[in-house]
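Next come the chains, spelled out residue by residue.
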Amino acid sequence: MPMPVNMNGLTEFFINSLELPNGSTQIKYPSDSTDFSKVDPSRAFVKKVRRLIVKVGTAVVTRSDGRLALGRLGALCEQLKELNTQGYEVILVTSGAVGLGRQRLGYRRVANSSFSDLQKPQSELDGKACASVGQGSLMALYDTMFSQLDVTSSQLLVTDGLFRDAAFRKQLTDTVNSLLDLRVIPIFNENDAVSTRKAPYEDSSGIFWDNDSLAGLLALELKADLLVLLSDVEGLYSGPPSDPKSKLIHTYVPEKHQEEITFGDKSRLGRGGMTAKVNAAVCSAHAGTPVIITSGYATDNIIRVLQGEKIGTVFHKDAHLWSTVKEVSAHEMAVSARDSSRKLQALSSDERRKILLAIADALEANVSKIRHENEADVDEAELAGLEKPLVSRLTLKPEKISGLAKSLRMLADMEEPIGQILKKTELADKLILEKISCPLGVLLVIFESRPDALVQIAALAIRSGNGLLLKGGKEAKRSNAVLHKIITSAIPENVGGKLIGLVTSREEIPDLLKLDDVIDLVVPRGSNKLVSQIKESTKIPVLGHADGVCHVYVDKSANIDMAKQIVRDAKIDYPAACNAMETLLVHKDLVQNGGITELTAELRKEGVQLYGGPRACGLLSIPQASCFHNEYSSLACTVEIVDDVSAAIDHIHKHGSSHTDCIVTEDSEVANTFLRLVDSAAVFHNASTRFSDGARFGLGAEVGISTSRIHARGPVGVEGLLTNRWILRGSGHVVNGDRGITYTHEELPLNG
């Protein structure tokens, strides 16, 4: 059920303490006739911020098991130190004492209890005792962290009733001002240990009832320019954040959102949760202090807020007056990309070439900015427990950025792909037909957490004259955002940055997949499940591959030293890549002469975990593979023994993914049999599967690798993003039942 914001004690105190502009004792909001369709928040007010209050909640301070989240606390302290150095006046309101005390007292109770005591039902620990024990430890931790950063902090414990005393409020303000003048960071917390209030903490008589409302009260009393409430989610959603239908609200307007929002459960450990934050934010914003609710899990969100980035949810007294462009729908985004692509196609070849060169220069000029955003993504991914191969894909090192710029310049120097005459035929005298290369139109590419893919795909779209919509993995959202901004900023105004749209919400994907009238090709790059879901959900043609189960078959005639080199490279060079070897097939004769032992020893030396098929697991004393169709994407692979090249081919056809497969042999007849009969997009002889790549093929970059048998196959570069048109030139020719016309169908020189 929608839950209206409760504005009792704190709001009443605000009203009684303020001289409202209209002289009223009622909170006035815009009339019901306000046009909310134009509301879009501006972050310009952050430029005027000097004094800010940051409130960090229990769900941010502690982990799910109740222990302190030291990584998040460290990142928080580093941000506050940076702001302190820049001249901001920073005040911190922190929760966490009760949770920390409860953990310590719980351990103490267990340590002091007999076995029989532990069998009895345990009473709930007294919250005030927990607060008393935890407060000292919490402050000691802050003091240690800030001391390491050469920052001084101070503790201020307050209770609800004190704020009714005007003398107390004046003394509090004077003390805080003195501390801020000395560059000391005041740290506030409610003194739960001696508070006279009982649960439930919120009632109509209280001035504040948790640290959210305390932060709002301090924002009023200390005349803060901004209040930042850190939560365990990105901001205020229209419903529980776990619900896929919930959407992030960028700007909160009471009349629009108060009755629409459905709140989920309260905070996992604290007292208030999002309801308390919204209460405090609404009251503070009305009193004149803007509020932003954002995630405290990110390592730099406070800094980003003060840089004016559009993150979190804004509460501002003038929010109802802000008018900006309405959010662009999926259809509008696709139409804009199509319109911009037509403008791109109207440019000369040299003008399109210069766009790619400008993007390459922009990437190199913004390496530090890209790295900053990418490192934040990597940090969050590691904290979230993302697997190492996926973190590796996510990481953008300087050399990778340099490689992307190099690929862009290679694409720029390629022969012009658009408008090439592919075929020229004289149908009849002076009636000339030409087959001309042209862009597909608008591409929708849904890719995994590899931000470098965004650059490659965007470059290919520009070179091939296509419009583009991109949806990257959420793990790379910051990296994708900064790369998208850099790329679109380099596109000239006569084409427009809308040529490349960045889709940021997963809710937009179903709508985009319905746009078969605007979008011409979908390229999914991800799991088998993702590719299958997309194919089932759209009428738009889909290009891509679900799996990368690549094989290397070592024949009996193979040069073992060469085979070891190829096998090692195919597995070790980049284990997370889709063209890495996942299965090693070995001819049975190599069991007798020791060749298989040398091959597996080479892999073991590199730390590869081996799994075996039925024949190999017993011989090599390795665990049996769960199945042969297994894409490990890590330092692991399957080994199996086969009788000959025919058995290897049968195995590949039965268990492979038609991606890339390789044979190592000195027998040219066996090699030709393998190359001719293996039905995969790429088939190699005496070369690592890692060569299956658009850049290595000389395509400049790739939009993906296709295992489809229709249209493009293998690494898809510029040519895979083109189709053709037929251009007919005549001089008054008519069919007229084919009377009076003689068809010649003569092939003409392309340049004639």
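Above this text you will find the structure in question.
For clarity, every value in this text was computed on a predicted model and none was experimentally measured.

Peer 1: Honestly, the overall build of the protein chain in this entry has me stumped. Any pointers?
Peer 2: Helix and strand counts for the protein chain come out as 26 helices and 24 strands. Put simply, the protein chain has 752 residues, and 54% of those count as buried. In the protein chain, the proportion of contacts linking residues at least 24 apart, taken out of those at least 6 apart, comes to 75%. Of the roughly 34200 Å² that the protein chain leaves accessible, carbon and sulfur atoms contribute 50%.

Peer 1: What am I meant to see in helix H26 (residues 668-677) here?
Peer 2: Two residues of an α-helix separated by three or four positions point the same way, owing to the 3.6 residues in each turn. Among all positions of H26, only Val-670, Ala-671, Thr-673 and Phe-674 are buried. The buried residues of H26 occupy an angular sector of 160 degrees when projected down its axis, which confines them to one face. Projecting away from the buried face of H26 at angles above 90 degrees are the exposed residues Ser-668, Glu-669 and Arg-676. Where H26 is buried, its residues touch strand E15 (550-554), helix H25 (645-655), strand E19 (660-664) and strand E20 (682-685). Capping the start of H26 is the job of one residue whose side-chain oxygen sits 3.0 Å from the backbone nitrogen of Glu-669: Asp-667.

Peer 1: Please explain the side chain of Thr-289 as it appears in this structure.
Peer 2: Looking at the element boundaries, Thr-289 is found in the loop between helix H10 (274-287) and strand E7 (291-295). We classify Thr-289 as buried; its relative accessible area is 6%. Every residue in contact with Thr-289, bar those within four places of it in the chain, is listed here: Ala-219, Ala-224, Asp-225, Leu-226, Leu-227 and Ser-284.

Peer 1: Could you clarify how one ought to interpret the packing of aromatic side chains in this entry?
Peer 2: Two numbers describe a pair of aromatic rings. These are the distance of the centres and the angle of the planes. Applying the stated criterion to the full structure yields six aromatic pairs. Considering the side-chain rings of Tyr-142 and Phe-146, the 6.3 Å spacing of their centres and the 20 degrees angle between planes classify their relative orientation as stacked. In this pair, Tyr-142 and Phe-146 both sit in helix H6 (residues 127-148), four residues apart, roughly one turn of the helix. Of the two residues, Tyr-142 and Phe-146, neither departs from the other in class, the shared state being buried. Of note, Arg-72 hangs over the ring of Tyr-297, and the distance from its end group to the ring centre comes to 4.0 Å.

Peer 1: Got a minute to help me understand the sheet that holds strand E16 (residues 581-587) in this structure?
Peer 2: In any sheet, the strands associate via hydrogen bonds between backbone groups, in a parallel or an antiparallel arrangement. Pairing is parallel across the open sheet formed by six strands, whose spatial order is E17-E18-E16-E15-E19-E20. The open sheet has two free edges, formed respectively by strand E17 (609-612) and E20, since each of these has just one partner strand. When the angles between neighbouring strand axes are averaged without regard to direction, this sheet yields 20 degrees. Two elements, E17 and strand E18 (residues 636-642), share four bridges in a ladder whose sense is parallel. What sits directly across from Gly-612, in E18, is Val-639. Those strands touched by helix H21 (residues 560-572) are E15, E16, E18 and E19, and its axis lies near 160 degrees from that of E16.

Peer 1: It is not clear to me how the packing of H25 against H26 should be interpreted in this structure. Could you clarify?
Peer 2: Viewed as axis vectors pointing N to C, H25 and H26 meet at an angle of 20 degrees, and their least axial separation amounts to 10 Å. By the angle between their axes, H25 is roughly parallel relative to H26. For the crossing formed where H25 meets H26, the hand is right-handed. Listed contacts from H26 to Val-645, Ile-649, Ile-652 and His-653 of H25 are Val-670, Thr-673, Phe-674 and Leu-677. Its residues placed into classes, the contact of H25 with H26 shows six nonpolar, two polar and no charged.

Peer 1: Mind showing me how you'd approach the pattern of salt bridges here?
Peer 2: When the charged atoms of two side chains with opposite charge come close together, those side chains can pair. Summed over all chains, the structure comprises 31 salt bridges. Residue Arg-478 pairs with Glu-380 through a salt bridge whose shortest N-O separation is 3.1 Å. Within this pair, whereas Arg-478 is found in helix H18 (residues 477-489), its partner Glu-380 is found in helix H14 (residues 367-383), the two being separated by 98 residues in sequence. Arg-478 gets classed as buried once you look at its relative accessible area, which sits at 5%. Each of the salt bridges in this network shares a partner with another, and the network as a whole consists of Asp-350, Arg-353, Lys-354 and Asp-413.

Peer 1: Explain the side chain of Lys-571 here, please?
Peer 2: Within the fold, Lys-571 resides in helix H21. A distance of 3.1 Å separates polar atoms of two side chains, one belonging to Lys-571 and the other to Glu-582. In this structure, Lys-571 is in contact with Met-581, Glu-582, Leu-603, Val-608, Ser-634, Ala-636 and Cys-637, ignoring residues within four places of it in sequence.

Peer 1: Hey, could you run me through the nonpolar core in this one?
Peer 2: Generally speaking, nonpolar side chains in soluble globular proteins are found buried as a group. With 50 residues, the main nonpolar core has Leu-363, Val-445, Leu-468, Leu-470 and Ile-500 as its most contacted residues. Tallying contributions element by element places helix H17 (residues 451-464) first for this core, with nine residues. Core analysis: the next-biggest nonpolar cluster, separate from the first, contains 38 residues, Val-46, Tyr-88, Ile-303 and Ile-311 among them.

Peer 1: Can you walk me through the pairing of E7 in this structure?
Peer 2: Side chains on a regular strand alternate between the two faces of the sheet. Within E7, five of the five residues are buried, which leaves it mostly tucked inside the rest of the structure. Where strand E5 (residues 226-231) meets E7, five bridges bridge the pair, whose relative direction is parallel. What sits directly across from Leu-227, in E7, is Val-291. When E7 meets strand E8 (residues 313-315), the two strands line up antiparallel, connected through three bridges. Across the sheet, residue Ile-293 finds its bridge partner in E8, namely Thr-313.

The rules we used
Residues numbered from 1 in each chain as written. Predicted model: local features only at pLDDT ≥ 70, side-chain atom pairs only at ≥ 80, totals over all residues. Heavy atoms only, no water. Helix = DSSP H or I, 4+ residues; strand = E, 2+ residues; numbered from the N terminus. Buried < 20%, exposed > 50% of the residue type's maximum accessible area, 1.4 Å probe, protein only. Contact = heavy atoms within 4.5 Å. Areas by Shrake-Rupley, 256 points an atom, 1.4 Å probe, with all protein chains shown as cover. Arc of directions from axis to C-beta. Polar contact = N/O pair within 3.5 Å; in protein donor to acceptor, adjacent residues only side chain to side chain. Phe/Tyr/Trp six-rings, centres within 6.5 Å; stacked < 30°, edge-to-face > 60°. Lys NZ or Arg CZ within 6 Å of the ring centre and 35° of its normal. Pairing = 2+ DSSP bridges. Axes fitted to C-alpha atoms, helices over the stretch in contact; angles between N-to-C directions. Parallel < 35°, antiparallel > 145°, perpendicular 65-115°, else oblique. Left-handed = near helix turned anticlockwise from the far one by under 90°. Nonpolar A, V, L, I, M, F, W, Y, C, P; charged D, E, K, R; others polar. Salt bridge = Lys/Arg side-chain N within 4 Å of Asp/Glu carboxyl O. Core = buried A, V, L, I, M, F, W, Y, C linked by side-chain atoms within 4.5 Å.

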